[in-house]
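The residues making up each chain are set out below.
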Amino acid sequence: MTSGLRKLIVFACLLVIAGGGYFVWERYQRISASTHPKGIVGQVACQLRLRDIKTSNLRPDDQPFLTNCLMGGYITKSDLDDVGLSP
């Protein structure tokens, strides 16, 4: 019985560690995806992303990236309308 209890405790600890790691990784991904591009580099990055979308080269993070571009003032609503997107 002692061996079974030890295995159960080890399994529970591993499960908690894995769950915590998953939570931290997801939080890191969310924060890094929501960072605003800065300066001229940000403006160019936003324009390049719009060009990629216009040529149907879509990425999974296009929506949050373009939202940050719009909020940062690097693109306008008319830029989104030009590529067939509207907020």
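First, a word on scope: everything that follows refers to the structure included in this document.

So, how was this worked out
Residues numbered from 1 in each chain as written. Predicted model: local features only at pLDDT ≥ 70, side-chain atom pairs only at ≥ 80, totals over all residues. Heavy atoms only, no water. Disulfide = S-S within 2.5 Å. Helix = DSSP H or I, 4+ residues; strand = E, 2+ residues; numbered from the N terminus. Core = buried A, V, L, I, M, F, W, Y, C linked by side-chain atoms within 4.5 Å. Buried < 20%, exposed > 50% of the residue type's maximum accessible area, 1.4 Å probe, protein only. Contact = heavy atoms within 4.5 Å. Salt bridge = Lys/Arg side-chain N within 4 Å of Asp/Glu carboxyl O.

**Details of the state of the cysteines**
Two cysteines, two sulfur atoms, one covalent bond between them: this is a disulfide. Scanning the entire structure with this criterion turns up one disulfide. Two residues, Cys-46 and Cys-69, share a disulfide whose sulfurs are 1.9 Å apart. Between Cys-46 and Cys-69 the disulfide shows an S-S torsion of about -85°. By sign, it is left-handed. In this pair, Cys-46 sits in helix α2 (residues 39–54) while Cys-69 sits in helix α3 (residues 62–72), placing the two residues 23 residues apart along the sequence.

**Comments concerning the nonpolar core**
The biggest cluster of nonpolar side chains holds 10 residues, and these are Cys-46, Leu-50, Ile-53, Phe-65, Leu-66, Cys-69, Tyr-74, Ile-75, Leu-80 and Val-83. Setting aside residues up to four positions removed in sequence, Leu-50 forms contacts with Leu-66, Ile-75, Asp-79, Leu-80 and Val-83.

**Re unusual backbone geometry**
With a phi close to 65°, Ser-56 is a non-glycine residue in the positive phi region. When you line up the elements, Ser-56 lands in the loop between α2 and α3.

**Concerning the pattern of salt bridges**
Counting across every chain of the model gives five salt bridges. Arg-51 serves as the salt-bridge partner of Asp-52, at 3.4 Å between the closest nitrogen and oxygen. Judged by its relative accessible area of 10%, Asp-52 falls in the buried class. The structure contains a network of salt bridges with shared partners spanning Arg-49, Asp-61 and Asp-62.

**A few points about the environment of Thr-55**
Secondary-structure assignment places Thr-55 in the loop between α2 and α3. A C-alpha to C-alpha distance of 8.9 Å links Thr-55 and Val-83, two positions 28 residues apart in sequence.

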